[in-house]
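Now for the letters of each chain:
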Number of protein chains: 4
Amino acid sequence: MPLQRIGILTGGGDCSGLNAVIRALTLSAIRNHKLSVIGIERGFHGLVFNQTQELTLRSVRDILPQGGTILGTSNKCNPFAFKELHKDGRITTHDYSGRAVQTFRDLKLDCLFVIGGDGSLQIAHQLSELGLPVIAVPKTIDNDLEGTDYSFGFHTAVQVATDAIDRLQTTGRSHDRVMILEVMGRGAGWIALEAGVAGGAHVILIPEIPFDFDAVHAKIKERQALQAPFSLVVVAEGAMEKDCQPITQEAATTRLQGVPQFGGIGNHLASRLGRDTDLEVRCTVLGHLQRGGTPIAFDRVLGTELGSFALHSAVKGRFGTMVALRTPDLKLVPLKELAGRARQVPLDSQLIRTAESVGICLGR
Amino acid sequence: MPLQRIGILTGGGDCSGLNAVIRALTLSAIRNHKLSVIGIERGFHGLVFNQTQELTLRSVRDILPQGGTILGTSNKCNPFAFKELHKDGRITTHDYSGRAVQTFRDLKLDCLFVIGGDGSLQIAHQLSELGLPVIAVPKTIDNDLEGTDYSFGFHTAVQVATDAIDRLQTTGRSHDRVMILEVMGRGAGWIALEAGVAGGAHVILIPEIPFDFDAVHAKIKERQALQAPFSLVVVAEGAMEKDCQPITQEAATTRLQGVPQFGGIGNHLASRLGRDTDLEVRCTVLGHLQRGGTPIAFDRVLGTELGSFALHSAVKGRFGTMVALRTPDLKLVPLKELAGRARQVPLDSQLIRTAESVGICLGR
Amino acid sequence: MPLQRIGILTGGGDCSGLNAVIRALTLSAIRNHKLSVIGIERGFHGLVFNQTQELTLRSVRDILPQGGTILGTSNKCNPFAFKELHKDGRITTHDYSGRAVQTFRDLKLDCLFVIGGDGSLQIAHQLSELGLPVIAVPKTIDNDLEGTDYSFGFHTAVQVATDAIDRLQTTGRSHDRVMILEVMGRGAGWIALEAGVAGGAHVILIPEIPFDFDAVHAKIKERQALQAPFSLVVVAEGAMEKDCQPITQEAATTRLQGVPQFGGIGNHLASRLGRDTDLEVRCTVLGHLQRGGTPIAFDRVLGTELGSFALHSAVKGRFGTMVALRTPDLKLVPLKELAGRARQVPLDSQLIRTAESVGICLGR
Amino acid sequence: MPLQRIGILTGGGDCSGLNAVIRALTLSAIRNHKLSVIGIERGFHGLVFNQTQELTLRSVRDILPQGGTILGTSNKCNPFAFKELHKDGRITTHDYSGRAVQTFRDLKLDCLFVIGGDGSLQIAHQLSELGLPVIAVPKTIDNDLEGTDYSFGFHTAVQVATDAIDRLQTTGRSHDRVMILEVMGRGAGWIALEAGVAGGAHVILIPEIPFDFDAVHAKIKERQALQAPFSLVVVAEGAMEKDCQPITQEAATTRLQGVPQFGGIGNHLASRLGRDTDLEVRCTVLGHLQRGGTPIAFDRVLGTELGSFALHSAVKGRFGTMVALRTPDLKLVPLKELAGRARQVPLDSQLIRTAESVGICLGR
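- Going by an unreviewed UniProt entry, chain A carries the name ATP-dependent 6-phosphofructokinase and comes from Nitrospina watsonii.
- Among the UniProt annotations of chain A, the heading Pathway (unreviewed entry) holds the following wording: "Carbohydrate degradation; glycolysis; D-glyceraldehyde 3-phosphate and glycerone phosphate from D-glucose: step 3/4."
- According to the UniProt record, the Cofactor (unreviewed entry) comment for chain A is "Mg(2+)".

Rendered as structure tokens:
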């Protein structure tokens, strides 16, 4: 029986390119197959509580250059472990997956498209195991999902970080300062590495390589000796010193609890470098500027390709899968193969070798 | 006696457009008057210690789009109160203005161009009182100098902040969050106001209007009631709550001591809003991204006009002055008229009226 | 009797910042005075044929960063000389001003806001003479309207042109080429001059100074002799050679007839320079890229200020006027004082002096 | 015997990212292997006439964000068929490959790095056949080189074109116009397709699919019927109508002869659409804006990786090869395998399928 109605939701933190996927799914569904398209609002929250809107050709007009997601998202809601806040402050956890399945049935959907990251893919897999026809589109600004060459939003984040480095370079040089830029990357250093290489950084610190503070210090001293007292350091938020308790632990915790972060690794490093050298050190935390805003062309094309491919895979009944980029092609990966696999930067990758080849200190 | 040799220095924090001024001074001097041009390095530090480089047509090639200053700068050095750090950690203060004057004479300069902010203009005035032929070019990213419509670097900072707001808007809307952007402006809220109006902020907090937390809270609640739970707040670093000790005092202090800042007004506000509402609140501190990088066209034109006009004013012997913009003309202001006058946003200005007219809450 | 309903239309070619004005008018009207706001579609066309939409708080959400005008525009329609195309190809001209007035009355409007350029202001004045309460907001990408320091859209166009020059500089230098950029400016050279100064052009040709081809040629030769064989020329579309019939006449004519333009002054100049020198010459016509797209912060602020000020002027009954920028204030100018006055770059302006001071050849 | 001295040249049209390759080669050579690095100026011209400069760590400082090539280039010079212009206007052709080889020997080079496109790779192959140790780095803004997933400069060009489309969208919509953007791509439509998909174009015309004018016309009419009278058309410069003599023939010819182009396919299409419909049609030719300027992060990273990998391949003696991207790895391709193979967009590629899936008319 051919598809008639599909549902789309976006889960987890937003990133540039989500709207390109929503648009491509919708256009492909309506133009090629005359399907009805239901947008589920605020991620899995809308699936649990049946909050939706119909998506038409008009709904997706002009959204290609827009950051964020027109459907809204939630990066906390898990139907299988739904946290409810009571008036007395207690929080209880419930399995609302039944509600999610019921919404799917009430809406008479024939396929659910889940656009999301690690957590959302896990939920998509669980819903698939419960028998729902699901197709996932991978989303991670950190580029740390196994199974796909790149995820959309990543190159936009790298571009934003590179633009920031270009700005910091000129102010650092004018003042002979050490400028530190902290970028996203809790568990993987892709953004830090690509932006650092693109921006001509002198030091790049990533979670994959616990760093030796003395090596960083030595690099900065080497530059002073070369009459170039200015240095630029890019540090992933998840980087940590060697033989050390995770020094971002506290920041990570407070951030998870919804309290705004300050005092992450970038600022810690700035304090220590300022104390151990006679240099002026300044830290900038790029934060949410990496997430939002107009996606660069690469991410718009990738998002559009993934959305279009996902819809056509659904038409062919290829459920329980995730669409993935294997340059220059797209392919399908079974959801069950993905569980729990995060992708760090391989230490023997060309990117690592390139960085060290052009003289960048990786803290080792 | 006509001019033969001129000196140029840039003092204080860097901002976009400094190189446009240096270039215009140099090109105008060499092309029109065949002068020798001496670049004094690292601000007044180079004047005290006679550290210079000759500036030629080649030196200033291609520097127009570059942020920062090719001469380097220092935002601590005052020849009249020079702080010397001794090996035992003591700091002593000396009057090295004699050295500065001597360098001027040793270099056989006929005019000194000082491109700088409040502090540098003060020093320029003192050197002028000592008899040096000085012409100043005003520089302040905060736009808070009396006597000139705009200073270069300001509009670039506003553009960078506006781009940041555009990015935060999409991520805030996707997550129904309150996004806070802290921008520069210790004593004046020009950047916050212009960027906030340009970016469509819902709340703008500036030093000129000590804010009522309840008014801010009410505005955010009003938006929730209007089915637009997302809000965007722009706060100048020098903003403070009404009837309150300056809550940025600590941050300001630590920054002045060269220790990287965290925990400024933006993060304080985020904590409090997060605590007093059930909303997710996120703060981004734009920091040094406002200073560096390619100047926008407006600042390149303004810097070029000011530099060219300064040189021609020197040729006419109009020393002891500052060049200033009185749209669309330039004019000269005596240095002695400037002392200690900072320019805040007038509360009856069109900008304030405009902001409130389109529904922006200014915290009152 | 206080205002109750207002109408807004945008006329003439689009430019960046129109939506900022529409948004500010609408927000100020609804939030401060609870007025009804009627958007008139496609410029005066909608006034003649009563094609409108109501503008609400929701209509103007998110339009601040958008180029163009949400109301649509027409740069041909004049109610006083309306051209009608018949099936047999004949075109007849009619005075439909009565229809325009009738629409105004049918809509029960209390004030009409006309956002437009030279032609639209003329029509606004005529409608005002017929007794309609009209307030105009000046719009010209060319910055050539008398009575206002700057018009919105102009600085965005200058920024787009400057970005283009930055790009052409690197390719020109790599190839030792003469790169020509043709920018807008039929009757005034503001864009060419500001962008040329901002981009570090070597030659700038504007309508105000009929150019001497030999002077241009000599400047390019001078650069070759200086081991800098690359040159960058910015030419306004309305520039023309001295003692010459307007060489853009043909292009101008064809453009007015709705046929796409090619072969304007930029390409003519490229042909001639390529023939008279042994240099490779390349011309780029920036064209419509100057009109559309996200306005820079300056134009968003200016548009918002003008819109807000226009609304409040209407509330005070100050009809028959145009709002204008007299930095840093806004003011009202009677419409009748504007008729037919276009503003060229004064030959004794600081901008002209600056350009020549830094060595730019203006073709004389 | 280990390497001691290497030479680098850039040939053919410039594109963004060339400096990233030069920098990575130089830094890797000096930092890791203490080699001497000779920059050969103006492409093969400098090899024939022994025009060089030494490249040091200082030479390549700050060049990463710069467009173009610091070595200069020539897109006409072929040592094997060198065209000499005589005073009487005659042009004679000579085999100066012996001079090129002699320069290589005089400079005591151990390896020559040729960064260039189709033509340069051919020459590199011929020099390799003559016994010179050569390693090539592929460069083509059109992305039409066989053997590598992407070439640097391509994604920057796509980004520039996408930004242009974003601008044209708003102006087109405001005026209900058909906006045409002509982009690069003589023989392959990669830029047109990626930028068109990224920008949400309605029609994309590429050399791989000779287009049916009626199909284009029908698409535009379909949009009018849908109350969306505005259309955006992206056309590659090499696109041509079905069953037609190449209509860009004349433009292509004149361009090859060094005469600036006008009247390419974009303008032809605009004339015809304007004539056959009652719509206003406007064409913008993006031209050289696609070549120059700051490379986006992707191209800086790719250029750096290719340069670093090329140097290390030389150290291992892997001459007669081209470095290539096989995402996410780099690899070596023998130069002899490349001869004459240009890469068009495969008609069964995901990109083509995606474009048609979201409703873009490809002229068939």
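1. Some thoughts on helix 3 (residues 97-106) of chain C
All names here are of chain C.
Then step 1. Every buried residue of helix 3 is listed here: Ser97, Ala100, Val101, Thr103 and Phe104. Across the axial projection of helix 3, the buried residues extend over an arc of 155 degrees, all falling on one side.
Then step 2. Elements in contact with the buried residues of helix 3: helix 2 (44-49), strand 6 (111-116) and helix 4 (118-129).

2. A closer look at the sheet that holds strand 13 (residues 329-334) of chain B
What holds strands together in a sheet is hydrogen bonding between their backbones, with the strands either parallel or antiparallel.
Residues and elements named next belong to chain B.
Then step 1. Spatial strand order, 3-2-1-6-7-12-13: seven strands in an open sheet with mixed pairing. What marks the edges here is a single partner per strand, and that holds for strand 3 (52-55) and strand 13. Geometrically, the sheet is characterised by an average inter-axis angle of 30 degrees between neighbouring strands, direction not taken into account.
Then step 2. Where strand 2 (residues 36-40) and strand 3 come together, four bridges link them in antiparallel fashion.

3. A closer look at the relation of the copies chain C and chain D
Then step 1. At an RMSD of 0.0 Å, chain C and chain D line up after a rotation of 180 degrees and a shift of 0.0 Å along the axis. Accordingly, the operation relating the two chain copies is best matched by a two-fold axis.
Then step 2. A share of 100% of interface residues in chain C that are also interface residues in chain D marks the association as one of identical surfaces.

4. Quick word on the UniProt feature "active site" (unreviewed entry) in chain A
Residues and elements named next belong to chain A.
Then step 1. Following the UniProt record, one finds the feature "active site" (unreviewed entry) at Asp142.
Then step 2. As for its placement among the helices and strands, Asp142 is situated in the loop between strand 7 (134-138) and helix 5 (154-175).
Then step 3. If we skip the residues at most four places from it in the chain, Asp142 touches Phe154, Met184, Gly185, Arg186, Trp190 and Ile191.

5. Examining the interface of chain C and chain D
Frequently, the measure chosen for interface size is the accessible area that the parts lose on association.
Then step 1. Across the boundary between the two partners, chain C contributes 42 residues, which contact 43 residues of chain D.
Then step 2. Buried surface at the junction of chain C and chain D, both sides included, amounts to about 3300 Å², of which 54% is carbon and sulfur.
Then step 3. For the pair chain C and chain D, the interface holds four salt bridges.
Then step 4. Among the salt bridges present, the one from D:Asp176 reaches C:Arg42, with a minimum N-O distance of 3.8 Å.
Then step 5. Joining chain C to chain D, the criterion identifies 14 residue pairs in polar contact (both at pLDDT 80 or more).
Then step 6. Of all the secondary structure elements, the ones that give two or more residues to the side of chain C that touches chain D are helix 5 (154-175), helix 9 (265-276) and strand 11 (281-285) of chain C.
Then step 7. Here the side of chain C that touches chain D is built from residues that sort into eleven nonpolar, 22 polar and nine charged.

6. Some details on the packing of aromatic side chains
Then step 1. Per the counting criterion, the structure on display carries 18 aromatic pairs over all chains.
Then step 2. Between A:Phe49 and A:Phe82 the ring centres are 5.6 Å apart and the planes differ by 70 degrees, which places this aromatic pair in the edge-to-face class. Taken together, the residues span a long stretch of sequence, with A:Phe49 in helix 2 (residues 44-49) and A:Phe82 in strand 4 (residues 82-85) at a distance of 33 residues.
Then step 3. Overall, the relative accessible area of 8% leaves A:Phe82 in the buried class.
Then step 4. Taken together through their ring pairs, the aromatic side chains of A:Tyr150, A:Phe154, A:Phe298, D:Tyr150, D:Phe154 and D:Phe298 make up a single cluster.
Then step 5. Taking NZ or CZ as reference, C:Arg99 lies 4.0 Å from the ring centre of C:Tyr96, over its face.
Then step 6. The positively charged end of C:Arg272 is found above the aromatic ring belonging to C:Phe213, 3.8 Å away from the centroid.

7. Here we look at the sheet that holds strand 11 (residues 281-285) of chain B
Residue and element names in this part refer to chain B.
Then step 1. Overall, parallel pairing links the four strands, which are arranged 9-10-8-11 in an open sheet. Of all strands in the sheet, those bounded by a partner on one side alone are strand 9 (203-205) and strand 11. Geometrically, the sheet is characterised by an average inter-axis angle of 15 degrees between neighbouring strands, direction not taken into account.
Then step 2. Relative to strand 10 (residues 231-236), strand 9 is paired through three bridges, and the arrangement is parallel. Considered in strand 10, the bridge of Val203 is made with Val233.

8. A closer look at the nonpolar core
In globular proteins that are soluble, nonpolar side chains generally tend to be buried together.
Then step 1. In this structure, A:Phe113, B:Phe113, C:Phe113 and D:Phe113 are the most contacted members of the largest nonpolar core, which totals 302 residues.
Then step 2. Residues contacting B:Phe113, with those up to four places away along its chain left out, are B:Ile6, B:Gly7, B:Ile8, B:Leu9, B:Leu25, B:Ile135, B:Ala310, B:Leu311 and B:Ala314.

9. Here we look at the environment of B:Gly67
Then step 1. Considering the arrangement of structural elements, one finds B:Gly67 in the loop between strand 3 and strand 4 (82-85).
Then step 2. Between the C-alpha atom of B:Gly67 and that of B:Pro295, which follows or precedes it by 228 residues, the distance is 6.3 Å.
Then step 3. Setting aside residues no more than four positions away along its own chain, B:Gly67 makes contact with A:Thr170, B:Asn19, B:Gly293, B:Thr294 and B:Pro295.

10. Observations concerning the interface of chain D and chain A
Then step 1. Contacts between the two partners involve 47 residues from chain D and, on the opposite side, 47 residues from chain A.
Then step 2. Buried area between chain D and chain A, summed over both chains or domains, comes out near 3600 Å², and the portion from carbon and sulfur atoms is 54%.
Then step 3. Three residues, D:Gln350, D:Ser357 and D:Val358, lead the burial of chain D against chain A; their summed loss comes to 16% of the area buried on that side.
Then step 4. Viewed at the interface, chain A and chain D are joined by six salt bridges.
Then step 5. Here D:Arg300 ties to A:Asp166 by a salt bridge, and the two come within 2.8 Å at their closest N and O atoms.
Then step 6. Joining chain D to chain A, the criterion identifies 16 residue pairs in polar contact (both at pLDDT 80 or more).
Then step 7. With nine residues, helix 10 (residues 297-315) of chain D is the single largest residue contributor to the side of chain D that touches chain A.

11. As for the pairing of strand 1 (residues 5-10) of chain C
Residue and element names in this part refer to chain C.
Then step 1. The element strand 1 is largely enclosed, with a buried count of five among its six residues.
Then step 2. Between strand 1 and its parallel partner strand 2 (residues 36-40), the chain crosses via helix 1 (residues 18-33), and the hand of that crossover is right-handed.
Then step 3. Where strand 1 lies against strand 6, five bridges are found, and the strand directions are parallel. Paired with Thr10 across the two strands is Ile115, which belongs to strand 6.

12. Overview of the side chain of C:Ser74
All names here are of chain C.
Then step 1. Relative to the assigned elements, Ser74 resides in the loop between strand 3 (52-55) and strand 4 (82-85).
Then step 2. Residue class for Ser74 comes out buried when judged on its relative accessible area of 15%.
Then step 3. Within the structure, Ser74 has its side chain in polar contact with the backbone nitrogen of Lys76 (distance 3.3 Å).
Then step 4. At 3.4 Å, the side chain of Ser74 and the backbone nitrogen of Cys77 are in polar contact.
Then step 5. Apart from the residues lying within four places of it in its own chain, the contact partners of Ser74 are Thr10, Gly11, Gly12, Arg42 and Gly43.

13. What to know about the packing of helix 5 (residues 154-175) of chain B against helix 10 (residues 297-315) of chain C
Then step 1. Two elements in contact, helix 5 of chain B and helix 10 of chain C, have axes separated by 9 Å at closest approach and are oriented at 85 degrees. The angle between the axes of helix 5 of chain B and helix 10 of chain C places the two elements in the roughly perpendicular class. Where helix 5 of chain B abuts helix 10 of chain C, its residues B:His155, B:Val158, B:Gln159, B:Thr162 and B:Asp166 lie against C:Ala297, C:Phe298 and C:Arg300.
Then step 2. When the residues that make up the contact of helix 5 of chain B with helix 10 of chain C are grouped by side-chain class, the tally is three nonpolar, three polar and two charged.

14. Notes on the packing of helix 10 (residues 297-315) of chain B against helix 6 (residues 190-199) of chain C
Then step 1. At a minimum axis distance of 8 Å, the contact between helix 10 of chain B and helix 6 of chain C shows a crossing angle of 80 degrees. By the angle class used here, helix 10 of chain B and helix 6 of chain C are roughly perpendicular. Residues B:Ala297, B:Arg300, B:Val301 and B:Thr304 of helix 10 of chain B form the contact with helix 6 of chain C, whose own contacting residues are C:Glu194, C:Val197, C:Ala198 and C:Gly199.
Then step 2. For the contact of helix 10 of chain B with helix 6 of chain C, a count of residues per class yields four nonpolar, two polar and two charged.

15. What to know about the UniProt feature "binding site: ATP" (unreviewed entry) in chain A
All names here are of chain A.
Then step 1. UniProt's feature table lists "binding site: ATP" (unreviewed entry) at Gly13, Lys76, Cys77, Gly117, Asp118, Gly119 and Ser120, given in the numbering used throughout. Spatially, the listed residues are clustered: although they cover 108 residues, their C-alpha atoms lie within 13.2 Å of one another.
Then step 2. You can see Gly117 is positioned in the loop between strand 6 (111-116) and helix 4 (118-129).
Then step 3. Inspection of the secondary structure puts Ser120 in helix 4.
Then step 4. For Ser120, a relative accessible area of 7% corresponds to the buried category.
Then step 5. In this structure Ser120 touches Gly11, Gly12, Phe44 and Val114, once residues within four positions along its chain are discounted.

16. Let's talk about the pattern of salt bridges
Then step 1. Under the criterion given, the structure shown has 58 salt bridges over all chains.
Then step 2. Between B:Lys242 and B:Asp212 there is a salt bridge, with its nearest N and O atoms 4.0 Å apart. With a gap of 30 residues between them, B:Lys242 in the loop between strand 10 and helix 8 (249-256) and B:Asp212 in the loop between strand 9 and helix 7 (213-225) connect regions that are remote in the sequence.
Then step 3. On the accessibility criterion, B:Lys242 (41% relative accessible area) is partly exposed.
Then step 4. C:Arg177 is the salt-bridge partner of C:Glu280, the closest N and O atoms lying 2.8 Å from each other. Of the two residues, C:Glu280 is situated in the loop between helix 9 and strand 11 and C:Arg177 in the loop between helix 5 and strand 8 (178-183); the sequence distance between them amounts to 103 residues.
Then step 5. A residue is classified by how much of its surface remains accessible, and C:Arg177, at 3% relative accessible area, is buried.
Then step 6. Connected through shared salt-bridge partners, A:Glu241, A:Arg272, A:Arg275 and A:Asp276 make up one network.

Here is what the cut-offs are and how they apply
- Residues numbered from 1 in each chain as written.
- Chains lettered and ligands numbered in written order.
- Predicted model: local features only at pLDDT ≥ 70, side-chain atom pairs only at ≥ 80, totals over all residues.
- Heavy atoms only, no water.
- UniProt positions renumbered as here; feature names shortened; annotations may be inferred.
- Buried < 20%, exposed > 50% of the residue type's maximum accessible area, 1.4 Å probe, protein only.
- Helix = DSSP H or I, 4+ residues; strand = E, 2+ residues; numbered from the N terminus.
- Arc of directions from axis to C-beta.
- Contact = heavy atoms within 4.5 Å.
- Pairing = 2+ DSSP bridges.
- Axes fitted to C-alpha atoms, helices over the stretch in contact; angles between N-to-C directions.
- Least-squares fit on C-alpha atoms with pLDDT ≥ 70 in both.
- Buried area = accessible area lost by both parts, 1.4 Å probe.
- Salt bridge = Lys/Arg side-chain N within 4 Å of Asp/Glu carboxyl O.
- Polar contact = N/O pair within 3.5 Å; in protein donor to acceptor, adjacent residues only side chain to side chain.
- Nonpolar A, V, L, I, M, F, W, Y, C, P; charged D, E, K, R; others polar.
- Phe/Tyr/Trp six-rings, centres within 6.5 Å; stacked < 30°, edge-to-face > 60°.
- Lys NZ or Arg CZ within 6 Å of the ring centre and 35° of its normal.
- Core = buried A, V, L, I, M, F, W, Y, C linked by side-chain atoms within 4.5 Å.
- Right-handed = clockwise from strand over helix to strand, strands pointing away.
- Parallel < 35°, antiparallel > 145°, perpendicular 65-115°, else oblique.

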